[in-house]
Amino acid sequence: MTSPIKPPDGNWWDQPVNRRESIWLGLGVGWSLILFGWMSAWTRVGDQNPIGETFRVEDEEFREKLTDYKERAEETDDGLVPPEQDVYLQAMRFQWDGAPVVLETGTEYDFHLNSMDVQHGFSLRPEDALSKQINLQVLPGYEWVVPMTFDEPGTYHIICNEFCGQGHRSMHGTIVVEEG
């Protein structure tokens, strides 16, 4: 099959570039450099990237930490009250093990996030304001420790925002934040 576009005659690559084309090429390259600089500065100065540390961890090792956490936590009608400032949550098809959790406002907690099976999304949002949210990726084989402080009491929903299988739509957990 031949191309419907007729190839140019002769050595077209040896022809000089038209002045207007040179201007547009210069504008395109200049704008690309501006956007690249803007994105680089925004990620460094704009405080856009989530903080925390990530560690490689074996599934059994994190499971032991989670089991120990759940044994030491106080169980209430609303959920687990952590014994310290560490909160352990493990994503697995199709639930958040370690949730629901009961926390206090004004206290900084270290959330230890891990996935047991596949990549999951950790989307945390308050019940009454869906526009306020944080989205993180939870990967198997890694423990991501993310510090969080809740300023407002209320119920916060944990939603998996990465498709993880047929039960994905039911993967939901809660964090109840009470006045501290």
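Thresholds, definitions, all that
- Residues numbered from 1 in each chain as written.
- Predicted model: local features only at pLDDT ≥ 70, side-chain atom pairs only at ≥ 80, totals over all residues.
- Heavy atoms only, no water.
- UniProt positions renumbered as here; feature names shortened; annotations may be inferred.
- Helix = DSSP H or I, 4+ residues; strand = E, 2+ residues; numbered from the N terminus.
- Patch = residues over 30% accessible without salt bridge, like charges linked within 9 Å, V, L, I, M, F, W, Y side chains within 5 Å.
- Areas by Shrake-Rupley, 256 points an atom, 1.4 Å probe, with all protein chains shown as cover.
- Salt bridge = Lys/Arg side-chain N within 4 Å of Asp/Glu carboxyl O.
- Lys, Arg positive; Asp, Glu negative; His and termini not counted.
- Charge placed at Lys NZ, Arg CZ, Asp CG, Glu CD.
- Buried < 20%, exposed > 50% of the residue type's maximum accessible area, 1.4 Å probe, protein only.

**Student:** Describe the UniProt feature "domain: Cytochrome oxidase subunit II copper A binding" (unreviewed entry) in the protein chain, listing the residues and the values that go with them.
**Tutor:** Mapped onto this numbering, the UniProt entry gives "domain: Cytochrome oxidase subunit II copper A binding" (unreviewed entry) at residues 82-180. Taken end to end, residues 82-180 is 0% helix and 56% strand, and its first and last C-alpha atoms sit 14 Å apart.

**Student:** Got a sec to walk through a negative patch on the surface? Specific residues and values, please.
**Tutor:** The grouping of E58, D59, E60, E61 and E64 at the surface amounts to a negative patch. Within the secondary structure, E61 is located in helix α2 (residues 59-72).

**Student:** Describe the pattern of salt bridges, listing the residues and the values that go with them.
**Tutor:** Going through the model one piece at a time under the given rule, you end up with 6 salt bridges. For K65, the salt bridge is made with E143, and the minimal N-O distance between the two is 2.8 Å. In this pair, K65 sits in helix α2 while E143 sits in strand β10 (residues 142-149), placing the two residues 78 residues apart along the sequence. For E143, a relative accessible area of 3% puts it in the buried group. D97 serves as the salt-bridge partner of K70, at 2.7 Å between the closest nitrogen and oxygen. Here K70, found in helix α2, pairs with D97, found in strand β5 (residues 95-97); they are 27 residues apart in sequence, far enough to count as distant. Here the residues in one salt-bridge network are R63, K70 and D97, joined through shared partners.

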